Amino acid sequence: MMTSAGNIELPSQETLDSLLSVAITASKQAGEIILGNAGGADVLKSKANSRDLLTLIDPLCEKTIREIVLATFPTHAFLGEEDVPPGKEASAAAIEAKLQQLNDADDNDNYLWIVDPIDGTSNFVHGMPLCMPSVAVAYKGEVVVGVIHDPHRMETFSAVRGRGAQMNGEPISVGQQSDIGDAIVAMGSPPAEESMKMSLAALPVLMPKVRTIRMIGSAALMLAWVANGRLTAYWEYDLSSWDVAAGSILIEEAGGSMTDLNDERWNLRTRKICGSNGGKVHKQILEALGEANVGGQPLQFWGVR
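All figures in this text were calculated on a predicted structure; none of them were measured in a lab. (Residues numbered from 1 in each chain as written. Predicted model: local features only at pLDDT ≥ 70, side-chain atom pairs only at ≥ 80, totals over all residues. Heavy atoms only, no water.)

Student: When you look at the sheet that holds strand S9 (residues 170-172) in this model, what are you seeing that I'm missing?
Tutor: Across the sheet, seven strands lie side by side as S3-S4-S5-S6-S7-S8-S9; this open sheet has mixed pairing. The two strands at the open ends of the sheet, each matched to only one other strand, are strand S3 (77-80) and S9. Averaged over all pairs of adjacent strands, the angle between strand axes in this sheet comes to 20 degrees, irrespective of strand direction. Bridge count between S3 and strand S4 (residues 111-119): four bridges; the pairing is parallel. Along S4, the bridge assignment pairs Ala 77 with Leu 112. Across the sheet, helix H1 (residues 13-36) lies against S4, strand S5 (132-139), strand S6 (142-150) and strand S7 (155-160), angled at about 30 degrees from S6, the strand it touches most. Most of the contacts of helix H2 (residues 57-72) go to S4, to which it runs at about 150 degrees, and overall it touches S3, S4 and S5. (Pairing = 2+ DSSP bridges. Helix = DSSP H or I, 4+ residues; strand = E, 2+ residues; numbered from the N terminus. Axes fitted to C-alpha atoms, helices over the stretch in contact; angles between N-to-C directions. Contact = heavy atoms within 4.5 Å.)

Put into structure tokens, the structure is as follows:
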């Protein structure tokens, strides 16, 4: 046993190895389904609004991941995006219910798989190769394994708590930028009206301070790219646990910071997020968002300008 950043005792190394192996297998199986439909997919229905889409392939990928996971770990809890009604209230309630359920479980059953079967569904619908499964495992509320498999580039990002982060089995680390002026910052084009307004409010404050801003349309991919240094940071006003869980451990294990917009460490209940290479840049980005009144009161981090 060893102590994690969340002050819990981690599962055995053998158990962590098994969790990682199953997560990679499930992610790659779902990735094959995505690749088999890479030309685009018909929209089954919209969820919260016309910008929040569901295809026939999303539930198929989730079913595939669930079956692979439960075949090895039949007593583990499972939370998939397609199990939950649209809207941030339903999303927040779903993760809260799972965490409360696990509070009553013994150690052997205190595992929760958190899955987005296709992160970047709008990209997927339009045939853009910027969509992928995101699979995480939490133990006692702390993410201990994360896998983001990009089937279009055959890049498998993975992390195990305390072991660092990897891409295709090779170690990765966050970028080395030390000032916001050198940062490539990603953000979203969110479907919800409140989040959209906050994103628009941030742009005129943040854009002049950074090297450039990118909107890629997949939280999983943007988090993974922060972890391997292609991006310096990624922030979003409101995301669900399944959007962020796998990417959060990738960034932390790659040496970065994963917090809310008030610089508190990210957890499964956090919805306002910023993941970055850490240090001065992280604080400068949060300060800029504070200046834009995004996420609460303006923040001041003395001595980082």
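Student: Would you mind showing me how to read the sheet that holds strand S12 (residues 233-236) here?
Tutor: Backbone hydrogen bonds are what pair the strands of a sheet, in a parallel or an antiparallel way. The strand order across the open sheet built from five strands is S11-S10-S12-S14-S13, with neighbouring strands paired in mixed fashion. Edge positions in the sheet fall to strand S11 (212-214) and strand S13 (257-259), since each of these pairs with one other strand and no more. Shown here is a sheet whose adjacent strand axes are inclined to one another by a mean of 15 degrees, direction ignored. In the packing of helix H7 (residues 241-253) onto the sheet, the strands contacted are S13 and strand S14 (273-276), and the crossing angle to S13 comes to about 140 degrees.

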